[in-house]
Amino acid sequence: PGYCAFYEECGRNPSVGETLIDPMVPLCQVATWSLLQVCPMLDRGEKNTYACCSRSQLDALEDSLTMSKAVLIRCPSCAENFAHLHCINTCSPNQSQTVRVTKTMNVTHEGKVREAVVAYQAFMSTTFADAAFQSCKNVRIPATGGFAIGTMCGRYGAKLCTPQRWYDFQGDSSNGLAPLDIDFRLIPEGVTEGLPKGVVPYNGKALKCNETTPSGGLVCSCQDCQQSCPVMPPPPLPAEPFRLMGTDGFLVISIILLCFFLFAFVLYLSVCCWMKIQEKKDEAKGKGRGKGKDQNGNNVTQQLIDPSEVTRIEKTSLAAQEFLSSLFRAWGTLIASHPFKVGSPSLNPTIGLMHIELTTDPVQLWSAPSSRARREKDFHDKYFDPFFRTNQLILTAPGRTGHTYDSLLFGQQNFSGIISKDLIIELLELQTRIQNIKFWSEDLNRNASLKDVCFAPLNPSDPSLTDCAVNSLPQYFQNSLANLNAKVNMTKLGQTKEVDWRDHFIYCVNSPLSFKDITDLGLSCMADYGAPVFPFLAVGGYDNEDYTNAEALILTFSLNNYDRRDARFKVALQWENEFLKIVQEYQRDPNTNFTFAYMAERSLEDEINRTTAEDIPIFMISYAVVFVYIAVALGEYSSWKRILVDSKFLVGLGGILVVGWSVLASMGFYAWIGIPSSLVILQVVPFLVLAVGADNIFIFVLEYQRDVRRPGEKREEQIGRVLGNVAPSMLLCSVSESVCFFLGGLSTMPAVKSFALYAALAVLMDFMLQMTAFVALLSLDARRQDNNRCELVCCVTVSSQRPNKPNEGFLLPLMRKYYAPVLLHPVSRIVMVVFIFMLCGSLFLMFHVTVGLDQELAMPQDSYMLEYFKYLYKYFEVGVPTYFVTTKGFNFTTVEGMNGVCSSVGCDQFSLTQKIQYATESYLAIPANSWVDDFIDWLNPGSKCCRLYTLGPNAGQFCPADKCEYYCAVLRYIFLTLHLNETLCVTESEPTRCLPLFPASRFMAYHTPLTNSKEFTAALQKARELAHNITIGMRKIPGTSPDFEVFPYTVTYVFYEQYLTIVPEGLFNISLCLLPTFVVCCLLLGMDVISGLLNLLTIVMIVVDTVGVMTLWGIDYNAVALINLVTAVGISVEFVSHLTRSFALSTKPTHVERAMEATANMGSAVFAGVAMTNLPGIIVLAFAKAQLIQIFFFRLNLVITLLGMAHGLIFLPVLLSYFGMCVKKRELTVSEHHHAKLNFCFQTLIYLYNERNKGG
């Protein structure tokens, strides 16, 4: 057996400076003392327990162990192992076998000079050391999410910590915890060589972290001990791509559809061919009816239809057509006859425009108030205030060479070029300059500064500048230049070197919670506002926690996020504006040594508004180009002399004004009833209404120009008759589009909903104004033209007379003579195959379109935010913080309630924080910190933090930690657990106000770095799945309300939630828009189902092909794209419906002839009115600065227009020529009667002429 190497305390260690615990050193004497409380592992029973330490030594040892147990007590076996070795070293009766005194000093204590031990060697086996280390290495500090051992391993941190390094730190008196130097020697088991005589390395039993302790301590929790973790099922594998026959399933389906459609088309052609052959054979046999005879016996080219053959539906159809034509004819004649009496529409836009409100808040624009993310945001902001506003710089110093520093404490360390003293000082100067921002605030009526708006977590009521949350590397030095310049000579293990800011930095990035470093500098690592600065908030661009090799410095100012109606919100905006001014001025300074990116919370909104303002001229030019085109294209030019007479400049201007007035009327009405507008509406709705309006204008004006006034017919009557011919077609399209957009207003997305409502009313108003103001304008222009007066200078007339013949222009003859015959030639009609291939290919591509909108696309190409995003994705090592928020209905005050939340020893293995810990392998980088765990640690008697006065006037009340009264007693753990509510309410003036069911609580974790919308959306989905799983588990705890819920929240969720549902939402909205195009077409064409279906099919093909091209051109599918797809339905109606109606009403004998007539007459108007109106304006948008405009307005609208033109003017005529409705019998009957009447009149004229000649 061994003997005592030292005994008792004999004063303070003179070789140690300021420490957290008085460095009392033992006396070199021998004695024994009974111990049960501090070192139970030495207890051998009554009268058999001996130790080499006194009561005062035990008290000192207990105090020292308490400091360490405060962070290790979450794992009882770890705390037991930690105390085990120090009890052996200090109190073992066989002390001489494991301890060798290496240094003593004479110390005067209580007037006596004694020999004191100030250093010794401790010998232990590697088996014991490794086991003890393994039991402690995963113990966490919930408040930081880091490992407790990281604070107990000095420079190495948790990642590089080893048993030897761990014990070296414990034996280093310079760390402020060890009272003397202990040289721990770890000896492999069985090795005796080199050991001092009589030394037997200690090889006791170290407990595993998943074992209970002899004193009754439970096994460690899973968060602190991997061996305690339950066997978790592997995470579900991502869904396999849809595959058929070993390849892409959608490709296989598309190929099958292509083959099916081609086979069906070929079969149809074969059947048609066979039927034609049979008809020719029948005609050859005399079975055919041949040409028909009218009632006068004359040959006609069509079959004669008996009135009895006309069905009721056809009669109803014709009646509807005649009713609409007669109604619009009468209306047009009335308006044309009294053009000056046509006033402004009853809906005056100025009524509502005074109240117009533009929504610029992205949250209100893209997240519905009733959406889950919005409700969760409102709940969080109600109880915890909105997420603070971030103003940030990410600074680099490319080209700067690094250096190697040989640290006394940490060995050789490589420092990157940016981790240099001069750059840190420069950063501190910039930080100080920003902190000292002052400006005059009209809202506060005084000078304002950072302290008026800053986020000050530890002093929110009356903060000073040093209370403001500013995170940066200089905060490790409390923003003090003196601390940064501090140097001191330090001796360690016989070696003396100078330590400086680098040693302090290395220590702090590995132990950010330390109030004192382990150097002789004695500096704190805490920021000047009282909180820790975690290294991932101070530096970036490092690998594997190698902070000294970081490539970037991060400077962050956090402001309170006030409600927009709060006056302080404007003050915060002003401060951010001043912040941007200083940063931009600093960036322009040629003496700046940094290359950096920056942002303010207001930057996104500012940049979007800036680029919108800068792109307004582009939109104006676009509209001007369209106006010039309309004015030129509407003119009918018969000669150079009449060019100013026949031009339609004022008519074109009037058409543009009608569009503008309809948009303003729509905006005014919705502003009046309180539905806000947005920049998207201002950009898209005029474009849409212009496409619709221009088409109607061209159809009306071109029809008027191609018409010849009948004998005895007034000009007003001619205008009315022309309007009666074309207005039903205009009504068909306008009603289809308006109903389509009104149904689109059922969308839950605010931006889509408001756009649809504004567009619906604008299209309706545009039609109404065209039927009133534009008809009146055309009547006035016709009078001017009849009087040969020049446009703009009406007092000037020309002598050349207007020719009394229809003006077909050049487009109608071109399409009638060349385009339509070529398109509808039997060979050319095979173009159907191309469109079938396009449809099937687009179906395949549609299922591979990217869903989302990366925030960079919202910025103009010259925005400083684009550079910031690059720096953010490159240098930031963690993602956004996310909170797991609990609603009311959960009782935290019961043992079951606390166990269902906490993650320390004795807690449920599937508690809230444990489940979050399990999720750190996916989209969570740092597990949640837990106030419940902190509170449990505070309550633990081992921490000696929670005490009550036992005597005096304050008996029974809380005794603060800074009070040293001997009559303060530590309460038992179980008591405070059961009375958590009373403990929390101890400082309340009215304890009854404290309720056991908290209305809300939250637990903060960090996402992994997220760089695009796909990752943000996936992170949201995974967080919700985790929260739902937690909710189900916690609802099973007794006393939990059935409506209790846990949900995840971070600032980005409200923007990315839409991508979870945008695909079904888009299908729903587009389907609703397509429905009226079919129904209205059927109704206005007299229940012509076939025409309605062909009309619908073509529009569907345009939309599908558009999405397919989006995939090829890299256009993501998102809310902006959905708005454009809804717009595509409206524009497609213009391309398709006019032509469909023209075909349906044609009385030509064959499908091909009817398709030719419709293509020539209506196709030319559609081409001139829709395609050529849109294309020039769209092409101008290619020069816009905003990427959103370039992608979603130029690219996407160009695709929509080109595909609409291709399908409307190529595919649809061919489709109608094959599958269009047969000519209606009732219309043939009317046509026959009309031709018979004309023939009778002609025969009568011939008879009268002959009789007159006879008489002559």
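Before reading on, note that the structure itself is shown above.
What comes next is a walk through the structure. Note that the structure is predicted; figures quoted are calculated from it, not measured.

## With respect to the state of the cysteines
And then number 1: The tally for this structure, following the rule as stated, stands at eleven disulfides.
And then number 2: Each disulfide pairs two cysteine sulfurs, and for C53 the partner residue is C91, the sulfurs being separated by 2.0 Å. The chirality of the disulfide connecting C53 with C91 is right-handed, given an S-S dihedral of about 115 degrees. In this pair, C53 sits in the loop between β2 (24-27) and α1 (55-72) while C91 sits in helix α2 (residues 76-91), placing the two residues 38 residues apart along the sequence.
And then number 3: Residue C91 is classed as buried on the basis of its relative accessible area, which comes to 0%.
And then number 4: The residue that forms a disulfide with C508 is C525, at a sulfur-sulfur distance of 2.0 Å. Note on the C508 and C525 pair: the S-S dihedral is about -80 degrees, so by sign convention the disulfide is left-handed.

## Describing the sheet that holds strand β31 (residues 1046-1049)
Sheet strands pair via backbone hydrogen bonds, and the direction of the pair is either parallel or antiparallel.
And then number 1: Read from one edge to the other, the open sheet built from four strands follows the order β26-β30-β25-β31, with strand pairing classed as antiparallel. Single-partner strands in this sheet number two, and they are β26 (924-926) and β31. Direction aside, neighbouring strands of the sheet carry axes that sit 45 degrees apart on average.
And then number 2: Each of β25 (881-887), β26, β30 (1000-1007) and β31 touches helix α29 (residues 1013-1035); the most contacted strand, β31, lies at about 160 degrees to it.

## Considering the pattern of salt bridges
And then number 1: With the rule as written, the count across this model stands at 30 salt bridges.
And then number 2: The partner of E605 in a salt bridge is R564, and the shortest N-O contact between them spans 2.9 Å. On the criterion of sequence distance, the pair formed by E605 in helix α15 (residues 603-633) and R564 in the loop between β22 (552-559) and α14 (567-588) is long-range, its members being 41 residues apart.
And then number 3: Here R715 ties to D786 by a salt bridge, and the two come within 2.7 Å at their closest N and O atoms. Of the two residues, R715 is situated in helix α19 (residues 715-744) and D786 in helix α20 (residues 750-786); the sequence distance between them amounts to 71 residues.
And then number 4: Judged by its relative accessible area of 12%, R715 falls in the buried class.

## Some words on the packing of helix α31 (residues 1058-1084) against helix α32 (residues 1089-1112)
And then number 1: Between α31 and α32, the shortest axis-to-axis distance is 8 Å and the interhelical angle comes to 150 degrees. Viewed along their axes, α31 and α32 adopt a mutual orientation that is roughly antiparallel. Crossing of α31 over α32 shows right-handed handedness. Contacts between α31 and α32 involve I1070, L1074, T1077, F1078, C1081 and C1082 from the former and V1089, S1091, G1092, L1093, N1095, L1096, I1099, V1100 and V1103 from the latter.
And then number 2: When grouped by side-chain class, the residues that make up the contact of α31 with α32 number eleven nonpolar, four polar and no charged.

Cut-offs used in this document
The numbers attached to residues start from 1 for each chain and follow its sequence in the written order. Where local features are concerned, this predicted model is filtered to residues with pLDDT of at least 70; where side-chain atom pairs are given and counted, the filter is 80 or more; whole-chain, interface and lining totals use all residues. Each side-chain value is derived from all of the structure's non-hydrogen atoms; neither hydrogens nor water enter the calculation. By convention in this document, the label disulfide applies to cysteine sulfur atom pairs within 2.5 Å. Think of it this way: any DSSP run of H or I at least four residues long counts as a helix, any run of E at least two long counts as a strand, and we number them from the N terminus. Note on classification: 1.4 Å probe, protein chains only; a residue is buried when its accessible area is under 20% of the maximum for its type, exposed when over 50%, partly exposed between these limits. Whether two strands pair depends on DSSP finding at least two bridges between them. All axes here are fitted lines through C-alpha atoms, helices being fitted over the stretch that makes contact, and every angle between N-to-C directions spans 0 to 180 degrees. Pairs of residues are marked as contacts when any of their non-hydrogen atoms sit within 4.5 Å. For this document, the term salt bridge refers to a Lys or Arg side-chain nitrogen within 4 Å of an Asp or Glu carboxyl oxygen. The scheme is simple: roughly parallel for angles under 35 degrees, roughly antiparallel for over 145, roughly perpendicular for 65 to 115, oblique for anything else. By definition, any crossing whose near helix is turned counterclockwise from its far helix by less than a right angle is left-handed, and any crossing with a clockwise turn is right-handed. In this classification, Asp, Glu, Lys and Arg are treated as charged, Ala, Val, Leu, Ile, Met, Phe, Trp, Tyr, Cys and Pro as nonpolar, and every other residue, Gly included, as polar.

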